[in-house]
Amino acid sequence: MLVFLVLLYSVFLAAVVASGAALALGLVGSRGPAELSAIPAVAAMLVIVLCLALASLHRGEAHTGVAKSGGLPGRGRRARVAASVPLFSEAVREAIRLARAADPRLAGALAYWACDAAVLGAMLRAFGSAPVLPVIALAYFVGQVANTVPLPGSVSGGIAAVLMASGVPAELALPSVLAYRAISVWLPVPLAIAAVPALRATVARWGREDARAAAERLPIAAVPDERRAQRRSAGSVSSRDDSQAANPPTRSAIWLKPAASRRLAAIAAR
């Protein structure tokens, strides 16, 4: 999960750096102040450098760091942070390895952000005249940072504020952002609700499979009596099948014993 998040949000940070640098350096026209573009670009670049530094400084310490810090809930926030830093650095290294492998599935990270931001651009164009692409990208990504604020409408307000600070009129920015949120967030809700029963069934099946796998790994002494008898019975059947596979019975022997199972008949056929 950490590797997935690192890959996904690396695109986020790279887009902020690229769009902010293009606007701050005057590569494209914008009516907003240069500081509005430069500050997010520098902040995103610092986050990228920090992640790469953590990945290089904590190389090979993912498991030892957890052991040293204890990783227990009662050890305090500092211990949990100390345990999570090596794990995060390992996730960054794994993400870099996957990126170097150029797996075509990594394009999903680009499509995830690009398709969602394209909805915002389409709404700006539908309600008036859309600004240049770096302005849309910067407003979209910087506005998404407001998602960390636990208040309703924080993302919509953040995106609209960046658009208006970049010179987009309020009568264009506000309805465009509200329409974007309606399409991007609320339109998929009925499909998501319809998918909940199938998702719950899948999660329940995963739980049963995990429990079954854990029970199979238990030593024979730790298994309940009923389960132990089943495992012993399965082991005797398996050993009997192996011996029968080495010396399969004749067809006449199977014919004389109608109670022979289908598995025995299959062994004889081989």
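Calculation rules
- Residues numbered from 1 in each chain as written.
- Predicted model: local features only at pLDDT ≥ 70, side-chain atom pairs only at ≥ 80, totals over all residues.
- Heavy atoms only, no water.
- Helix = DSSP H or I, 4+ residues; strand = E, 2+ residues; numbered from the N terminus.
- Buried < 20%, exposed > 50% of the residue type's maximum accessible area, 1.4 Å probe, protein only.
- Contact = heavy atoms within 4.5 Å.
- Areas by Shrake-Rupley, 256 points an atom, 1.4 Å probe, with all protein chains shown as cover.
- Patch = residues over 30% accessible without salt bridge, like charges linked within 9 Å, V, L, I, M, F, W, Y side chains within 5 Å.
- Salt bridge = Lys/Arg side-chain N within 4 Å of Asp/Glu carboxyl O.
- Core = buried A, V, L, I, M, F, W, Y, C linked by side-chain atoms within 4.5 Å.

Brief notes about the overall build of the protein
A tally of helices and strands in the protein yields 12 helices and zero strands. Mapped in sequence order, the helices and strands of the protein form the string α-α-α-α-α-α-α-α-α-α-α-α. Here the protein holds 270 residues, and 27% of them are scored as buried. Excluding contacts between residues fewer than 6 apart, the proportion of contacts in the protein whose partners are at least 24 apart in sequence is 62%. Summing over all exposed atoms, the protein offers an accessible surface of approximately 17,500 Å²; the carbon and sulfur share of this is 67%.

Here's the deal with a nonpolar patch on the surface
Among the surface-exposed residues, Met-1, Leu-2, Phe-4, Leu-5, Tyr-9 and Leu-87 lie close enough to one another that they form a single nonpolar patch of about 610 Å² accessible area. It is helix H1 (residues 2–24) that contributes the most residues to the nonpolar patch, four residues altogether. Its location among the elements puts Tyr-9 in helix H1. A relative accessible area of 40% places Tyr-9 in the partly exposed class.

Topic: the pattern of salt bridges
If you walk through the whole model with that rule in mind, you get three salt bridges. When the shortest N-O distance is used, the salt bridge between Arg-97 and Glu-94 registers 2.5 Å. Of this pair, Arg-97 and Glu-94 both sit in helix H4 (residues 77–101), three residues apart, which is roughly one turn of the helix. Overall, the relative accessible area of 46% leaves Arg-97 in the partly exposed class. The closest approach of N and O atoms between Arg-105 and Asp-103, which form a salt bridge, is 2.7 Å.

Some words on the nonpolar core
Formed by 34 residues in total, the largest nonpolar core has its most connected members in Trp-113, Leu-120, Leu-124, Tyr-140, Phe-141, Ile-159 and Leu-163. Those elements that place two or more of their residues in this core are H1, helix H5 (107–127), helix H6 (133–145), helix H7 (154–165) and helix H8 (170–186). Looking at this core element by element, the count peaks at eight residues for H1. Every residue in contact with Ile-159, bar those within four places of it in the chain, is listed here: Leu-120, Ala-139, Tyr-140, Gly-143, Gln-144, Val-177 and Tyr-180. Ala-55, Ala-91, Val-92 and Ala-95 belong to the second-largest nonpolar core, a separate cluster that totals seven residues.

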